[in-house]
2 protein chains.
Amino acid sequence: MALPRAWMPLMRSIARSSIRKETSSYLFKRQNLRYYSSKKGSEQQYVIWRPYLRLAIGVPFIGALIYSMITENVTETEAPTIAEIDEALKRQSKINEASPMRLRMEKLIKDQQKKITEELSRIDGKDFRADTWTRPNGGGGISCVLQDGNVFEKAGVNVSVVYGELPRPAIEKMRADHKSFVGSDVESLSFFAAGLSLVLHPHNPNAPTVHLNYRYFETSDPKDPINGDRNWWFGGGTDLTPSYLFPEDCTHFHQTIKEACDRHDSTYYPKFKTWCDKYFYIPHRGEARGVGGIFFDDLDADFLQTSSSSQNPQETLFSFVSDALGSFLPSYVPILERRKDMPYTEKQKEWQQLRRGRYVEFNLVYDRGTSFGLRTPNARVESILMSLPRTASWVYMDPVSGTRTEAAAADEGLVDVEETARERELLDVLKHPRQWA
Amino acid sequence: MALPRAWMPLMRSIARSSIRKETSSYLFKRQNLRYYSSKKGSEQQYVIWRPYLRLAIGVPFIGALIYSMITENVTETEAPTIAEIDEALKRQSKINEASPMRLRMEKLIKDQQKKITEELSRIDGKDFRADTWTRPNGGGGISCVLQDGNVFEKAGVNVSVVYGELPRPAIEKMRADHKSFVGSDVESLSFFAAGLSLVLHPHNPNAPTVHLNYRYFETSDPKDPINGDRNWWFGGGTDLTPSYLFPEDCTHFHQTIKEACDRHDSTYYPKFKTWCDKYFYIPHRGEARGVGGIFFDDLDADFLQTSSSSQNPQETLFSFVSDALGSFLPSYVPILERRKDMPYTEKQKEWQQLRRGRYVEFNLVYDRGTSFGLRTPNARVESILMSLPRTASWVYMDPVSGTRTEAAAADEGLVDVEETARERELLDVLKHPRQWA
């Protein structure tokens, strides 16, 4: 059995006070549970290994581990999972720069969730409702949702932290995205994922919808889950979806994000802005979801080698992600403040509803996170679908945003070119993304 | 060149009046156009062969073909496509029992479209708007939509007729579904598809949404497209999606369809009812889309061999599909008539909107037709998405239909068990499908 060297000092300190011989064999017994996707035609089989017991009080499993090491009675126990080690570390000491990135990312997104929801509550005048949930095989999250508020129709700010096992097809996909991928020849691979997701849908059609997601992903070396090399990467971004175009809003949003990017690497903003335009695109409508922002994925050590020199790539990228996430409130709140109380007409509200229909189309048909989430067994569906707007509508052959060309519609007298100028202005920018910063 | 023997009498009659030597080489020139899916990560490549010229007036291509046969100058021309032959046949004579199934199915669905839209217009008091469209590589359709009517928020009754080429992955999929599949080893395969799709969303939450789709699919033998063996099959069905449960409506709907099925084979209804419950299921919600009806796909000669003896399987199945389609108005109209003017509350309207959100989730995430359609180059998106409701809404953790158990919600005092009895009654039937006939 590979000794978890890195945790030895911690384990020794715990071992002194909490060796519990009687729990050792019981604690590490496991049960195999198989879940099958219920969708017809899907041959894929998800296998989830669920620890039989969750840690109850204290850190008895570490004690048991130490005990078995001391007595050399190691044949009947299994190594603790990463989830169990992280749980113990969190109880043992405060998270700091020496902590594993998993715990630092978890702390970052939880701190930001608190800060963001407090600020949004202040603006709306209504509190977020917070739901804390756990996953049977490790991890959990906090979903904060403010619904039918004064400013927001629906606002969701969710943290999720997941410890799980990747099935073979997911491993194949990840190997394709990462040059040096450890443990690519196994049937299943332990993973950790932590992310903050945010979607805000204000009532006022002049105030834009905004989306943000920052995430960290890690997989272990199956031969040595504790001390072996890890695959890890960051992903994320934020983008703005207005129903009506205010160029100064787009410039402010992009400029604020660009400044955060530029503090780390001047190539980031142009690269991630283009990536965002490409990702948030609705092919069947031939238009972007909104006016973009930044988007990136699979940012690992290899990415950094081609981009800039760094002694500690993980640290460098974490610092960038922290800063990008920190730029969210200053990028969005000033826009919200100046639009949330603007007068609007019923016609403008209906246009916003059509734009929300497009938002639903993108999220349900193309968004990889939503698609992956809905097909994951035991996923918390309510948290995944909090991104959907409170209300949306669809119109067949809408004279402005439908398939027909504007010229054809105008010819038929269905579109008053002057009256629909502002709606057409938005469509134009969705079909031809601009440089805003 | 294989002579299209079956069409010889027709060709001779045309040849007498319309041989046009000068058009022969021009008409059969083709252009290769390549379309790539713009979705990132999709490696699949769609190749579409588009005839360079559409037929203009009369049937000059047949003349050219005959001419080239007469002069034995066949090396420089290609055989006419199935689309071109069908076009000529339609101009030449009335569709009857001796006509190819393609044309008989097209006639059936167009006749039914007319009959159904006339009846629904009569009930609504507002006319359908009809849009006729053509596809660059053969075929087209008629989309009839009634929007913001007196009875219907949105009602779509669409016919589409498509002549196209299947790429390799689609051929693989079809080979898997059909025991004896002709031409499975080629890179692309000509296909024909004709279908009638209908989705009706009434205003009144007491009046159920209904969906219907009947379709015929055919592929040619690539070695002999005109006279070779064909793969063909029928698919279809109809299902009901109420927001509030009226058991007598469900029974009437299912009973009417069952009677149509029973006239052909008593095993059809139970088989297709089960298939329907399985297909219209939303795994991430753990509930059915509605109270079902019938659904079937890939009904070919092999299916019939295991089911009942038939001298002419194609004729037998066409007769069944005609009858099933014919049972639509009697299965739905009596329900609509008794529900469309019932009084309802704002709360009931909001519940209907949540149910429509689920309808959107099924259609955009799971429905194979929608998914295939949205990813098909040159598809008519407005016709595909006419199935989406006019309006829909989403609520995070709805006390009745959200993820939380009813007991947990009631404990928290969020759900008045008596007040939500009718909503819970619907959910119960969506989670536990019943036998209605």
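Counting from 1, residues in each chain are numbered in the order their sequence is written. Starting at A for chains and at 1 for ligands, labels are handed out in the order in which the entities are written. Restriction of local features to residues with pLDDT of at least 70 applies here, the model being predicted, together with a cutoff of 80 or more for giving and counting side-chain atom pairs; totals for whole chains, interfaces and linings are based on all residues. The basis for the side-chain values is all heavy atoms of the structure; hydrogens and waters are excluded.

A.B. asks: So what about the sheet that holds strand β6 (residues 188-202) of chain B? Which residues, and what values?
C.D. replies: Residues and elements named next belong to chain B. Strands are treated as partners if at least two bridges between them are detected by DSSP. Secondary structure follows DSSP: runs of H or I at least 4 residues long count as helices, runs of E at least 2 residues long count as strands, and numbering of each begins at the N terminus. Strand order in the open sheet formed by seven strands is β3-β4-β5-β6-β7-β8-β11, with antiparallel pairing between adjacent strands. Of all strands in the sheet, those with a lone pairing partner are β3 (129-134) and β11 (292-299), marking the two edges. Strand after strand, the sheet turns through a mean of 10 degrees between neighbouring axes, direction not considered. With 11 bridges connecting them, strand β7 (residues 209-219) and strand β8 (residues 231-241) associate as antiparallel partners. The residue of β8 that forms the bridge with Arg215 is Gly235. Every residue pair with non-hydrogen atoms within 4.5 Å of one another is taken to be in contact. Note on geometry: axes are C-alpha line fits, over the in-contact stretch for helices, and angles between N-to-C directions span 0 to 180 degrees. Along the sheet face, helix α6 (residues 168-177) touches β5 (152-167), β6, β7, β8 and β11 and points at about 100 degrees away from the line of β5. The strands touched by helix α10 (residues 313-326) within the sheet are β6, β7, β8 and β11, with β8 carrying the most contacts at an inclination of about 20 degrees.

A.B. asks: Lay out the sheet that holds strand β8 (residues 231-241) of chain A in plain terms, naming residues and giving numbers.
C.D. replies: Residue and element names in this part refer to chain A. The strand order across the open sheet formed by seven strands is β3-β4-β5-β6-β7-β8-β11, and the pairing between neighbours is antiparallel. The strands lining the two open edges of the sheet, one partner per strand, are β3 (129-134) and β11 (292-299). Geometrically, the sheet is characterised by an average inter-axis angle of 10 degrees between neighbouring strands, direction not taken into account. Of the strand pairs in this sheet, strand β5 (residues 152-167) and strand β6 (residues 188-202) are connected by 15 bridges, and their pairing is antiparallel. Counterpart to Val162 in the pairing with β6 is Ala193. Helix-sheet contacts for helix α8 (residues 268-279) involve β8 and β11, and the interaxial angle to β11 is about 100 degrees.

A.B. asks: Quick one: what's the story with the relation of the copies chain B and chain A, residue by residue and with numbers?
C.D. replies: Here the copies are superposed with least squares, the fitted atoms being C-alpha atoms of residues at a pLDDT of at least 70 in both. The transformation that overlays chain B on chain A combines an axial shift of 0.0 Å with a rotation of 180 degrees, and the residual RMSD is 0.0 Å. Such a turn and shift between the copies fits a two-fold axis. Taken together, the interface assignments show that 98% of the residues at the interface of chain B recur at the interface of chain A, consistent with an identical surface on both copies.

A.B. asks: Which residues make up the pairing of β11 of chain B, and what are the values?
C.D. replies: Residues and elements named next belong to chain B. The buried label goes to any residue with under 20% of its type's maximum accessible area, the exposed label to any with over 50%, and the partly exposed label to all in between, with areas taken from a 1.4 Å probe on protein chains only. Of all eight residues making up β11, eight are buried, and the element is well covered by its neighbours. Strand direction decides the pairing type here: β8 and β11, joined by six bridges, are antiparallel. By the bridge assignment, Asp239 is partnered in β11 with Gly293.

A.B. asks: Can you explain the packing of helix α5 (residues 101-124) of chain B against α10 of chain B? Please cite residues and give values.
C.D. replies: All names here are of chain B. The interhelical angle for the contact between α5 and α10, taken along N-to-C directions, is 10 degrees, at an axis separation of 11 Å. One element, α5, and the other, α10, form an angle in the roughly parallel class. Residues Met101, Arg104, Met105, Leu108, Ile109 and Gln112 of α5 form the contact with α10, whose own contacting residues are Gln314, Glu315, Phe318, Val321, Ser322, Leu325 and Gly326. Looking at the contact of α5 with α10, its residues break down into seven nonpolar, four polar and two charged. Here roughly perpendicular refers to angles of 65 to 115 degrees, roughly parallel to angles under 35, roughly antiparallel to angles over 145, and oblique to all remaining angles. Classes in brief: Ala, Val, Leu, Ile, Met, Phe, Trp, Tyr, Cys and Pro nonpolar; Asp, Glu, Lys and Arg charged; the others, Gly included, polar.

A.B. asks: Describe the packing of helix α7 (residues 247-262) of chain B against helix α11 (residues 328-339) of chain B, with residues and values.
C.D. replies: Residues and elements named next belong to chain B. It is the contact of α7 with α11, at a shortest axis distance of 8 Å, that shows an interaxial angle of 160 degrees. One way to sum up the angle between α7 and α11 is to call them roughly antiparallel. In terms of crossing hand, the pair formed by α7 and α11 is right-handed. Judged by residue contacts, Glu248, Asp249, His252, Phe253, Thr256 and Ile257 of α7 engage Pro330, Ser331, Pro334, Ile335, Arg338 and Arg339 from α11. Residue classes in the contact of α7 with α11 are distributed as five nonpolar, three polar and four charged. For a crossing to be left-handed, the near helix must be turned anticlockwise from the far one by less than a right angle; the clockwise case is right-handed.

Shape descriptors only; they carry no functional weight alone.
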